[in-house]
Amino acid sequence: MIISLIAAVAANNVIGVKGDLPWHLPVDLKFFSETTKGHFVIMGRKNFDSIPEKYRPLPGRPNIVVTRNKDFNATNVTVCASIEAGIEHAKNHHESEVFIIGGGDIYRQTIGIADKIYITHIDAHPEGDTYFPEFNKDEWTSELILEKGVDDVHNHAFTTFVYTRKS
Amino acid sequence: MRPLLFFLLSLFISTTFSSCGETERDQDLETLTAREVALSYHVFDDALREVHRFAMRDSLLNDTGIVQRFNSCIEDAYVSDTVAVFPLYLTINYGGDTNICDDGFNRFGVIRAAFSGKYLNKSTVVTVTFDEYYKDQFRIDGTVILTNLGLNSDGYMMFDWEVIDGHITGINTNITWEGEHEKTWVAGRSFESQSNVDDDIFHIEGISKGRNSRGNTFENEITNPYVADYSCQWFTAGTSSLDIPNLEARRLNFGLTTECDNLLIERRNNTYLEVEIPY
């Protein structure tokens with residue numbers, strides 16, 4: 001099973017501010033939807049809470065929420081006490097590629113075991129409180145898969161790469 | 001000498017007149033087909049929404065006891081009779097070409113709908129046709145047949161939605177389109193909310209096929225339901241596989257339901273392209 005991280009990251013590595021995204025990029029959201037559709041997605045509890053209630057769990061893909069809070073309860077999600085348990089759960093369900101979708105702590109804990117990283121590099125330097133971890137790009141091959149300029153609804157340009165760990 | 005000359009001559013003719021290299025257009029690099037498939041769904045779904053909005057608020061076509069018109073851009077809208085003896089014929093006349101509707105779209109011309117029975121009754125057939133009807137820059141022609149299939153096992157009302165001889169024309173646009181779909185009414189059907197159409201959500205599944213403005217054929221099969229949330233003019237979610245003969249398979253994705261916009265993603269293996277539905 002491939003373990004993949006997927007994130008939208010600003011030039012200063014910011015990925016979030018106060019539980020929200022510091023940008024509004026519809027095409028990137030559709031890219032996220034297309035890439036993760038049908039696959040298990042694993043997220044931290046705070047990340048799950050940041051999704052508007054109307055839209056969670058994310059449709060069309062099994063949602064795993066990682067939390068140590070035994071009282072946490074949500075409809076139609078699988079709750080796991082650790083990331084390892086979440087990954088094991090996906091593997092036991094014959095998943096081919098599981099996606100780690102954040103937030104910052106979850107990314108930090110999984111980047112060392114990731115096989116692929118899908119990163120949307122956003123041409124912006126927003127203030128934030130959540131960051132994507134640094135990683136050595138020399139250890140990865142990269143492929144450009146999407147690029148988008150500024151327009152009426154996208155206030156930042158972005159490029160999306162898939163990084164694959166060199167064997 | 002002669003064989004060599006013949007060979008060279010043959011080579012010249014074959015490379016000059018018979019080469020088969022694909023052009024960018026042949027490869028549909030500009031996402032034309034995806035854009036036109038999405039446009040086709042949008043305009044025919046939009047026309048059905050207009051009929052739905054009227055039918056849900058009219059006591060002759062429904063049982064809500066409410067009679068009201070629903071959009072400021074409509075010049076005239078009426079049902080053919082004042083008593084519920086079917087068939088009844090609905091006419092929605094948007095008038096001339098300066099009618100900006102409440103949702104910001106421009107509609108003009110006429111949508112006609114023949115109801116074989118009450119809209120929400122099982123087996124009712126609604127036949128929709130167009131008379132010089134335009135949505136924004138596009139003229140819409142064709143016949144739409146909506147058949148009420150009653151409730152499914154989950155209690156959701158279902159409709160069969162067929163488009164016959166669909167045609168969308170405009171500047172640089174000439175699309176033929178036909179489709180066979182099922183619509184499932186998954187939210188907003190409770191009696192209390194019947195007159196509030198904006199909370200209605202339909203899931204659409206099925207297959208369409210046609211010919212794009214460059215004459216290439218295509219077939220689109222919905223793999224995860226397109227979501228028509230009536231609080232948004234565009235599909236907010238759903239995926240489909242788009243086949244164009246001799247070209248790499250495409251997948252279309254309208255998103256996660258979180259966004260309301262005219263954008264979708266076309267995926268070809270590891271290449272993702274943005275598609276914008278024109279209006």
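Residues numbered from 1 in each chain as written. Chains lettered and ligands numbered in written order. Predicted model: local features only at pLDDT ≥ 70, side-chain atom pairs only at ≥ 80, totals over all residues. Heavy atoms only, no water.

Here we look at the layout of surface pockets
Residue and element names in this part refer to chain A.
In step 1: Approximately 1,400 Å³ is the volume found for the largest pocket.
In step 2: Taken together, 48 residues form the lining of the largest pocket, with N47, S50, I101, G102 and G103 sitting closest to its centre.
In step 3: No other element matches the 6 residues that helix α4 (residues 104-110) contributes to the lining of the largest pocket.
In step 4: Class assignment for the residues of the lining of the largest pocket results in 22 nonpolar, 15 polar and 11 charged. (1 Å grid on protein atoms, 1.4 Å probe; cavity = no way out; pocket = protein on both sides within 12 Å on 5 of 7 lines; lining within 4 Å. Points joined across faces, edges and corners; volume = space filled by probe spheres on them. Helix = DSSP H or I, 4+ residues; strand = E, 2+ residues; numbered from the N terminus. Nonpolar A, V, L, I, M, F, W, Y, C, P; charged D, E, K, R; others polar.)

Details of the pattern of salt bridges
Opposite charge on two side chains makes pairing possible when the charged atoms of those side chains draw close.
In step 1: Tallying each qualifying case throughout the model produces 19 salt bridges over all chains.
In step 2: When the shortest N-O distance is used, the salt bridge between E274 of chain B and K148 of chain A registers 3.0 Å. Here K148 of chain A lies in strand β9 (residues 140-148) and E274 of chain B lies in strand β13 (residues 271-276), a pairing that spans two chains.
In step 3: With a relative accessible area of 11%, K148 of chain A lands in the buried category.
In step 4: E50 of chain B is the partner of R107 of chain B in a salt bridge, and the nearest nitrogen-oxygen pair spans 3.9 Å. (Salt bridge = Lys/Arg side-chain N within 4 Å of Asp/Glu carboxyl O. Buried < 20%, exposed > 50% of the residue type's maximum accessible area, 1.4 Å probe, protein only.)

Considering the confidence of the model for chain B
When pLDDT is low, close inspection of the predicted coordinates is not appropriate.
In step 1: In this model, chain B carries a mean pLDDT of 87, and residues with pLDDT of at least 70 account for 85%.
In step 2: The low-confidence segment residues 11-26 of chain B, where pLDDT is below 50, has 10 contacts with residues more than four positions distant or belonging to other chains. (pLDDT = per-residue confidence, 0-100. Contact = heavy atoms within 4.5 Å.)

What about the sheet that holds strand β1 (residues 2-10) of chain A?
Residue and element names in this part refer to chain A.
In step 1: Reading across the sheet, the 8 strands line up as β5-β4-β3-β6-β1-β7-β10-β9 and stay open at both edges, with mixed pairing between neighbours. Since the sheet does not close on itself, it has two edges, and those belong to β5 (78-80) and β9, each with one partner. Adjacent strand axes in the sheet meet at a mean angle of 25 degrees, parallel and antiparallel pairs treated alike.
In step 2: One ladder, built from 7 bridges, connects strand β7 (residues 116-122) with strand β10 (residues 158-165); its direction is antiparallel. Residue pairing for β10: I119 is matched across the bridge by F161.
In step 3: Against the sheet, helix α1 (residues 26-36) engages β1, β3 (41-44), β6 (97-100), β7, β9 and β10, with an angle of about 175 degrees to β1.
In step 4: This element, helix α3 (residues 83-92), spans β1, β3, β4 (63-66), β5 and β6 of the sheet and lies at about 160 degrees to β4. (Pairing = 2+ DSSP bridges. Axes fitted to C-alpha atoms, helices over the stretch in contact; angles between N-to-C directions.)

Some remarks on the environment of A47 of chain B
All names here are of chain B.
In step 1: Positionally, A47 belongs in helix α2 (residues 32-55).
In step 2: A47 sits in the buried class, given a relative accessible area of 1%.
In step 3: Ignoring any residue separated from it by four or fewer positions in sequence, one finds A47 in contact with I111 and F130.

Overview of the interface of chain A and chain B
In step 1: Tallying the contact residues gives 23 residues for chain A and 22 residues for chain B.
In step 2: Counting the surface lost from both chain A and chain B, the interface buries some 2,000 Å², and carbon and sulfur atoms represent 58% of this.
In step 3: Scanning the region where chain A abuts chain B turns up 4 salt bridges.
In step 4: In this structure, E34 of chain A engages R267 of chain B in a salt bridge whose closest nitrogen and oxygen atoms are separated by 3.6 Å.
In step 5: For the pair chain A and chain B, the number of links is 13 residue pairs in polar contact (both at pLDDT 80 or more).
In step 6: Elements with a minimum of two residues in the side of chain A that touches chain B: α1 and β9 of chain A.
In step 7: The element best represented in the side of chain A that touches chain B is α1 of chain A, accounting for 9 residues.
In step 8: Tallied by class, the residues present in the side of chain A that touches chain B amount to 11 nonpolar, 4 polar and 8 charged. (Buried area = accessible area lost by both parts, 1.4 Å probe. Polar contact = N/O pair within 3.5 Å; in protein donor to acceptor, adjacent residues only side chain to side chain.)

Structural notes on the state of the cysteines
All names here are of chain B.
In step 1: Tallying each qualifying case throughout the model produces 2 disulfides over all chains.
In step 2: Put simply, C73 and C101 are joined by a disulfide, and their sulfur atoms are 2.0 Å apart. Because the sign of the S-S torsion sets the handedness, a value of about 85 degrees for the bond joining C73 and C101 places this disulfide among the right-handed ones. Residue C73 is found in the loop between α2 and β1 (76-79), and its partner C101 is found in the loop between β2 (88-93) and β3 (107-115); the two are separated by 28 residues along the sequence.
In step 3: When its relative accessible area of 2% is taken as the criterion, C73 is described as buried.
In step 4: A disulfide bridge connects C232 with C260, and the sulfur atoms are separated by 2.1 Å. What sets the handedness of the C232 and C260 disulfide is the S-S torsion sign, and at about 90 degrees it is right-handed. Here the residue C232 occupies a position in the loop between β9 (217-229) and β10 (237-243), and C260 occupies one in the loop between β11 (250-256) and β12 (263-268), the gap between them amounting to 28 residues.
In step 5: Given the relative accessible area of 43%, C260 is considered partly exposed.
In step 6: Taking only the cysteines that form disulfides and numbering them from first to last, chain B has the pattern 1-2, 3-4. (Disulfide = S-S within 2.5 Å.)

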